[in-house]
Amino acid sequence: MEWLSPAEWTAVALSLRTSFWATLVSLPLGIFVAYALARWQFPGKQLLNGLVLLPLILPPVVTGYLLLLAFGTRGPIGSLLQDMGIVFAFRWTGAALAAGVMAFPLMVRAIRLSIEAVDPKLEQAGATLGAPRAWVFLTVTLPLVLPGVIAGAILAFAKAMGEFGATITFVSNIPGQTQTMPSAIYAFLQIPGGDASALRLVVISVFIAMAALLLSELVAKRVARWVAGS
Amino acid sequence: MSLSVALSHRFGNFELDVTFEAPPGLTVLFGRSGSGKTSIINSVAGLLRPRSGRIAAGDWLLMDSANGLSLPPHRRRLGYIFQEGRLFPHLTVRQNLLYGRWFAPKGETREDLGRVVDMLGIGALLGRRPGTLSGGEKQRVAIGRALLASPRIILADEPLASLDEARKDEILPYFERLRDELSIPILYVSHSAAEVARLATTVVALGDGRVLAQGTAASVLGDPTVAPLGVRAVGAIIPATVVAHHDDGLSELAAGNERLFLPTVPYPPGRRLRVRISAHEVMLASKKPEGLSALNVLSGVVEQIRVGEGPGLIVSVRTDAGTLLARLTKRSAANLELAEGSPCFAIVKTVAIAPEDVSGGAAVSG
């Protein structure tokens, strides 16, 4: 049964792909930034914190435009990366970048809160037993914050799925390349007779968002129970 | 190998400035809270970086501010037993015990898991998580975890403070064994005179960030200058041997040529013990008292009278059991016409000797 047209299906697949990669690639950086904000004192800490939160507060269209300026083929970073064969402008990778940037504050916030909840005395205990700092992080801190990391990742994924403003500003709305589900819904609503397609995508959006939230709750609870050891 | 520590540090108005030596055996850092004990032990661990100082274990330097050396905690080869245990909640008891072993240099893993597990009686707990353990069980696992890291120094920061009396009695014997069986220095923070009397090979008494006195448990606890630590801290430590247990709930101990009667002690006849008799609990009489309920009356000679501040003074009395300390008021000392060399009788109520004042460790020093 063909319940999705090829155009609709393309949008769904593209959204899943961009969100997956956006989450996966930003996760290590998110954990690192969250750890630095939670545990270290350094000059410019407030600046970093502000920078991380900025996409949450700025109008998405502004974030998208800033990305275009920086990562466009003529932008300072974009032209540098182009020489290395990496292009963001008007590619699905650009959509993933925009989604990742927009989801980053939520991810960092969730992980930072869970790192702050870990007693630094446990990390000290690890150090006194001979573990170098990186080992203490991998064997003590990370397992203890795993529920927060999973929750943060799923939240970021759901946010990335819904990203619209920054994406359409940065990489436009090219079917098969940068037309994610929200862009597709917007596009279908602009053409006569597109309502049915838009509605089907809306249902899928709601379904994926709900599933992600429920999954994150479930997994975080399971992992928290495992960590607590009962 | 002994541990030598010299350090100074400042927090706000608090000035820490100490120098001491911890020989093999168990050295108690003894003082009230706020005296700087925990800062010292954390400096040795590398968790606190003092403003200046030098810390060395034998000829191995852990820290020397003169040439900017300060090893990070993970390179100091420690076994740190914390007050709250600090077991890793996400690991099983077995994984907690073996945590330090990953990092101990090959060929320096002296302790065997099976031996440590047997010694601490934690075999049944290996598969469990710390969240399901009692306070006493947690501390036993914490001791095992520290030992299995094959440390060169053992640190313990009031490891019994979070336990009730019964649990303390459960854990104390393990520290006695560490003291008697290990050849490395153990630095043990405590504010309990009973723990000092029972465990210490050496005592470093601290007050207001300075060393008030250091030496054997008997010499430090018998020194009236440690009185700021609390009147009950001053007392004599008498080596004694269990002779018999009587049906009326008393144990008879031989100390020198004297007999002491105590509430039943949990050690078999023939066992050598240390008994701490607080100066607070000793009365003196110039004539042999009659019609007195106290069972322990020891004749002796006044050795020394040390006048402290306030109305009190400390009289040391040489008896056949050893030197006892008595805390009296200046008025009573005058009424009894006590002077150095005068004969007297020391009276100790049996029930004044609490179970925590009796230790059954093999190392009877002082």
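A word on the overall build of chain A. The helix and strand inventory of chain A stands at 10 helices and zero strands. Seen through its C-alpha atoms, chain A measures out along the principal axes to roughly 70 × 45 × 30 Å. Nonlocal contacts in chain A, meaning residues at least 24 apart in sequence, comprise 76% of its contacts between residues at least 6 apart.

Attention now moves to the overall build of chain B. Tallying secondary structure elements over chain B gives eight helices and 21 strands in all. For chain B, whose C-alpha radius of gyration is 22 Å, the value lies close to the compact-globule estimate of 21 Å for 366 residues. In terms of overall dimensions, chain B has C-alpha extents of about 65 × 50 × 30 Å along its principal axes. For chain B, the proportion of its 366 residues judged to be buried stands at 47%.

In this section: the sheet that holds strand 2 (residues 14-22) of chain B. Residue and element names in this part refer to chain B. The antiparallel open sheet is built from five strands, whose spatial order is 2-1-4-5-6. In this open sheet, the two edge strands, each paired with only one partner strand, are strand 2 and strand 6 (69-70). Bridge analysis of strand 1 (residues 3-11) against strand 4 (residues 52-57) gives six bridges, and the strand direction is antiparallel. Bridge pairing in strand 4 links Ala6 to Arg54. Along the sheet, helix 1 (residues 37-45) contacts strand 1, strand 2 and strand 4; its crossing angle with strand 1, the most-contacted strand, is approximately 115 degrees.

We now examine helix 4 (residues 135-148) of chain B. Residue and element names in this part refer to chain B. In this model, helix 4 (14 residues) spans 20 Å end to end at C-alpha, consistent with the 20 Å of a helix rising 1.5 Å per residue. Every buried residue of helix 4 is accounted for by Glu137, Lys138, Gln139, Arg140, Val141, Ala142, Ile143, Gly144, Arg145, Ala146, Leu147 and Leu148. Just past helix 4, the residue Ser150 takes up positive phi, approximately 50 degrees.

Listed as interface residues are 21 residues of chain B and, on the opposing side, 17 residues of chain A. Considered class by class, the residues forming the side of chain B that touches chain A number 13 nonpolar, five polar and three charged.

Moving on, we get to helix 1 of chain B. Counting buried positions along helix 1 of chain B gives eight out of nine residues, so the element sits mostly inside the fold. The first or second residue beyond helix 1 of chain B is Gly46(B), which carries a positive phi of 85 degrees.

Residues and elements named next belong to chain B. Split by domain assignment, chain B resolves into domain 1 (3-227) and domain 2 (235-359). For domain 1 and domain 2, the distance between their C-alpha centroids amounts to 32 Å. With 11 residues of domain 1 in contact, the opposing surface of domain 2 contributes 13 residues. Elements with a minimum of two residues in the side of domain 1 that touches domain 2: helix 6 (193-199) and helix 7 (217-221). With four residues, the single largest contributor to the side of domain 1 that touches domain 2 is helix 6. Split by residue class, the side of domain 1 that touches domain 2 holds eight nonpolar, one polar and two charged.

Bringing the environment of Asp112(B) into the picture now. The topology assignment puts Asp112(B) in the loop between helix 2 (93-98) and helix 3 (113-120). Distance from Asp112(B) to Glu165(B), taken between C-alpha atoms, is 30 Å for residues 53 residues apart in sequence.

Right, let's get into unusual backbone geometry. All names here are of chain B. You will see that Arg86, though not glycine, has its phi angle at about 55 degrees, which is positive. By the element assignment, Arg86 lies in the loop between strand 7 (78-81) and helix 2. Under the C-beta neighbour-count criterion, Arg86 is labelled buried, with 23 such atoms within 10 Å.

A few words now on the pairing of strand 15 (residues 272-278) of chain B. Residue and element names in this part refer to chain B. Taken across its seven residues, strand 15 has six buried, putting it largely inside the fold. Relative to strand 21 (residues 358-359), strand 15 runs antiparallel, the two sharing two bridges. Paired with Arg274 across the strands is Ser359, a residue of strand 21.

Let us now look at the sheet that holds strand 11 (residues 210-215) of chain B. Sheet strands pair via backbone hydrogen bonds, and the direction of the pair is either parallel or antiparallel. Residue and element names in this part refer to chain B. Pairing in this open sheet of six strands is mixed, and the strands run 7-8-9-3-10-11 from one edge to the other. Since the sheet does not close on itself, it has two edges, and those belong to strand 7 and strand 11, each with one partner. The average undirected angle you get between the axes of adjacent strands in this sheet is 15 degrees. The sheet strands contacting helix 1 are strand 3 (25-30), strand 7, strand 8 (153-157), strand 9 (185-190) and strand 10 (202-207), and the helix crosses strand 8 at an angle near 150 degrees.

The next subject is the packing of helix 5 (residues 92-116) of chain A against helix 7 (residues 133-161) of chain A. In a packed pair of helices, the relevant descriptors are the angle between the two axes and the axis-to-axis distance. Residues and elements named next belong to chain A. As a packed pair, helix 5 and helix 7 sit with axes 8 Å apart at the nearest point and diverge in direction by 155 degrees. Judged on the interaxial angle alone, helix 7 and helix 5 are roughly antiparallel. Two packed elements cross with a definite hand, and for helix 5 against helix 7 that hand is right-handed. Only Thr141, Val145, Pro147, Gly148, Val149, Ala151, Gly152, Ala153, Leu155, Ala156, Lys159 and Ala160 of helix 7 make contact with helix 5, whose side of the interface consists of Ala99, Gly100, Met102, Ala103, Leu106, Met107, Ala110, Ile111, Leu113, Ser114 and Ile115. In the contact of helix 5 with helix 7, the residues fall into 17 nonpolar, five polar and one charged.

In this section: the packing of helix 6 (residues 120-128) of chain A against helix 7 of chain A. Residues and elements named next belong to chain A. Put simply, helix 6 and helix 7 touch, their axes get as near as 10 Å, and they point 140 degrees apart. Viewed along their axes, helix 6 and helix 7 adopt a mutual orientation that is oblique. Considering the relative orientation of helix 6 and helix 7, their crossing is right-handed. Across from Leu122, Glu123, Gly126 and Ala127 in helix 6, the residues of helix 7 making contact are Val136, Thr139, Val140 and Thr141. Counted by class, the contact of helix 6 with helix 7 contains four nonpolar, three polar and one charged residues.

All names here are of chain B. Taken residue by residue, chain B gives an average pLDDT of 86. The fraction at 70 or more is 93%. Every residue in residues 362-366 is under pLDDT 50, and counting partners more than four places away or in other chains gives 14 contacts. Interface predicted TM-score (ipTM) for the complex: 0.81; the corresponding pTM is 0.79.

Thresholds applied
- Residues numbered from 1 in each chain as written.
- Chains lettered and ligands numbered in written order.
- Predicted model: local features only at pLDDT ≥ 70, side-chain atom pairs only at ≥ 80, totals over all residues.
- Helix = DSSP H or I, 4+ residues; strand = E, 2+ residues; numbered from the N terminus.
- Contact = placed C-beta atoms within 7 Å.
- Rg over C-alpha atoms; globule rule 2.2 N^0.38 Å.
- Buried ≥ 20, exposed ≤ 12 C-beta atoms within 10 Å, placed from the backbone.
- Pairing = 2+ DSSP bridges.
- Axes fitted to C-alpha atoms, helices over the stretch in contact; angles between N-to-C directions.
- Expected span 1.5 Å × (residues − 1).
- Nonpolar A, V, L, I, M, F, W, Y, C, P; charged D, E, K, R; others polar.
- Domains from an automatic or database assignment.
- Parallel < 35°, antiparallel > 145°, perpendicular 65-115°, else oblique.
- Left-handed = near helix turned anticlockwise from the far one by under 90°.
- pLDDT = per-residue confidence, 0-100.

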